[in-house]
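# Reading the structure
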Amino acid sequence: MWWLSFAQASSFAPTQATKIAAEWDSLYKFLLISSLVACVLLIGGMIYFVTKYRRKTKNDKTPYISHNSMLEFIWSFIPLVLFLIMFAWGWSLYHEMRAAPSNSKEVHVYGQQWMWQFEYKNGKKLNNELVVPVGVPVRLIMTSKDVIHSFYVPSFRIKQDVIPGRYTDLWFEAEKLGEFHVFCTEYCGLDHSKMLAKLKVVPLDEYEKWLATTVELTGGPGAQIYNDKGCVACHSLDGSPKVGPSFKGLFGRNSVIDDGTEIKADENYIRESIVNSTAKTVKGFPKGVMPSFQGQLSEEDLTAVIEFIKNQK
Ligand code: CUA
């Protein structure tokens, strides 16, 4: 039957990579098909009656109709049953989606303009990449360092707002190996559309081996700050301009700033750009976007970052 093949066509939706994704799709299809049937009955019936009972002559009189109890009962009872099914189905699925199993592996998630940061129990941190084991429930404990973001994994059919000043959570159990997209789905400023992350699902033994190896950041304490404070979100190391200029070859270079003067990037210029970030903006880059790091970095931290930038030749 045509509606069955329609119900089975999943090509419009992303891969179903969790059990919940398949259940979610079934509910969605039920809603879609019952709405479609209701729409055809209502609009089709309306068009039919408008043509059939239209006024044909000037002397046509509207017949007197009071009511029809049976008809009224049917058109109330059928929608009632349908709505109750939708409610019960949706409620049980929602409950399943919200209650993380107690054996879940926990990962902390930080949203910030404009990147995702993931932190594991053993202190391992990753930017814009989340690695999880297949077939094991994972619970994400999420918060934001600035504005509201939203963590969305289409293939898992899960989404949750990430809010500054509080924790929200989300859980999933990946059934498929591979890489999946993570999107930010709450407009959070200039580079919202680029706030993407990769979700990698790997076999459990591979995951455990990976987790045990610590990430060696080459470049000393400055590199650590570059990652942790989120400089990485806007300043690349490979020369490609992002929201701000790349750090590659930045030190000692002359740049034209927004008021037209040319300025050399020395230690003091970089310091000012970090603590008093809106003072000078390099021409061609958006003004006033960089947050101020006044009070957030110690003198030692500032030195470390400046040394780190110096090394990006
Ligand atoms: Cu973060 Cu949109």
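Residue positions are counted from 1 within each chain, in the order its sequence is given. Local features in this predicted model are restricted to residues whose pLDDT is 70 or higher, and side-chain atom pairs enter the listing and the counts only when it is 80 or higher, whereas totals over whole chains, interfaces and linings include all residues. The basis for every side-chain value is the complete set of non-hydrogen atoms in the structure, without hydrogens or water.

### Quick look at the side chain of serine 155
By the element assignment, serine 155 lies in the loop between β6 (149-153) and β7 (158-162). Residue contacts follow a heavy-atom distance rule, with two residues in contact if any of their heavy atoms lie within 4.5 Å. Here serine 155 is in contact with Pro14, Thr15, Gln16, Ala17, Thr18, Ala21 and Phe180, once residues within four sequence places are set aside. Elements are defined by DSSP. Helices are runs of H or I of four residues or more, strands are runs of E of two residues or more, and each kind is numbered from the N terminus.

### Details of the nonpolar core
Counting residues in hydrophobic clusters, the biggest one holds 63 residues, and the most contacted among them are Trp116, Leu130, Leu140, Phe151, Phe156 and Leu199. Counting residues per element, this core draws most heavily on helix α7 (residues 299-310), at 6 residues. Among all residues touching leucine 130, those that are not within four sequence positions of it are Val107, Phe118, Tyr120, Leu140, Phe151, Lys198, Leu199 and Lys200. Buried Ala, Val, Leu, Ile, Met, Phe, Trp, Tyr and Cys residues form a nonpolar core when they are joined through side-chain atoms within 4.5 Å. Per-residue accessibility, obtained with a 1.4 Å probe over protein chains only, is compared with the maximum for each type, and a residue is labelled buried under 20%, exposed over 50%, and partly exposed between these values.

### Things to note about the pattern of salt bridges
Here, a salt bridge means any Lys or Arg side-chain nitrogen found within 4 Å of an Asp or Glu carboxyl oxygen. According to the stated counting rule, one finds 14 salt bridges in the structure shown. Residue aspartate 169 pairs with arginine 139 through a salt bridge whose shortest N-O separation is 2.8 Å. One end of the pair, aspartate 169, is in strand β8 (residues 168-173); the other, arginine 139, is in strand β5 (residues 137-144), and 30 residues separate them in sequence. Residues joined by salt bridges that share partners form a network here, namely Arg98, Glu106, Lys121, Arg139 and Asp169.

### Here we look at the sheet that holds strand β3 (residues 125-127)
Pairs of strands are assigned from DSSP output, requiring at least two bridges between the strands. Spatial ordering of the open sheet is given by β3-β2-β1-β5-β8, a layout of 5 strands whose pairing is mixed. With partners counted over all chains shown, the strands left at the sheet margins are β3 and β8, one partner each. Strand-to-strand twist across the sheet, computed as the mean angle between neighbouring axes with direction ignored, equals 25 degrees. Taken together, the 7 bridges between strand β1 (residues 105-112) and β5 define a ladder with parallel strand orientation. Paired with tyrosine 110 across the strands is threonine 143, a residue of β5. Sheet strands touched by helix α5 (residues 220-228): β1, β2 (115-119) and β3. Its angle to β2, the strand with the most contacts, is close to 115 degrees. To get an axis, a line is fitted to the C-alpha atoms, and for a helix only the part in contact is used. The angle between two axes follows their N-to-C directions and goes from 0 to 180 degrees.

### Here we look at the confidence of the model for the protein
For every residue, the pLDDT score states the predictor's confidence, bounded by 0 at the bottom and 100 at the top. On average, residues of the protein score 87 in pLDDT, and 94% of them reach the 70 mark or higher. Across the protein, the element-wise mean pLDDT spans from 52 in helix α1 (residues 2-8) up to 96 in β6.

### Considerations on the layout of surface pockets
Here a cavity means grid points, on a 1 Å grid over the protein atoms only, where a 1.4 Å probe fits yet cannot get out; a pocket means an open set of points with protein on both sides within 12 Å along at least five of seven lines; lining residues are those with an atom within 4 Å of a point. Grid points are joined across faces, edges and corners, and a volume is the space filled by probe spheres set on the points. Taken as a whole, the largest pocket holds about 810 Å³ of empty space. Along the walls of the largest pocket sit 39 residues, with His235, Ser273, Met290, Pro291 and Phe293 positioned nearest its centre. If you list the elements that add at least two residues to the lining of the largest pocket, you get α5, α6 (267-275) and α7. If one sorts the elements of the lining of the largest pocket by residue count, α6 sits on top with 4 residues. The residue inventory of the lining of the largest pocket, partitioned by class, reads 21 nonpolar, 12 polar and 6 charged. Each residue receives one of three labels: charged for Asp, Glu, Lys and Arg, nonpolar for Ala, Val, Leu, Ile, Met, Phe, Trp, Tyr, Cys and Pro, and polar for the others, Gly being one of them.

### Some thoughts on the packing of α5 against α7
A pair of packed helices is characterised by two quantities: the angle between their axes and the separation of those axes. The contact between α5 and α7 brings their axes to 7 Å, and the two run at 95 degrees. Considering their axes alone, α5 and α7 lie roughly perpendicular with respect to each other. For the pair α5 and α7, contact is made by Pro221, Gly222, Ala223, Ile225 and Tyr226 and by Asp301, Ala304, Val305 and Phe308, respectively. Should an angle fall under 35 degrees it is called roughly parallel, over 145 degrees roughly antiparallel, and 65 to 115 degrees roughly perpendicular, with every other angle called oblique.

### A look at unusual backbone geometry
Cis rather than trans, the peptide bond between glutamine 113 and tryptophan 114 has omega equal to 0 degrees. Tracing the chain through its elements places tryptophan 114 in the loop between β1 and β2. Phi at asparagine 128 takes a positive value of approximately 55 degrees, unusual for a residue other than glycine. Asparagine 128 sits in the partly exposed class, given a relative accessible area of 28%. Located in the positive-phi region is arginine 157, a residue other than glycine, with phi close to 55 degrees. Within the secondary structure, arginine 157 is located in the loop between β6 and β7.

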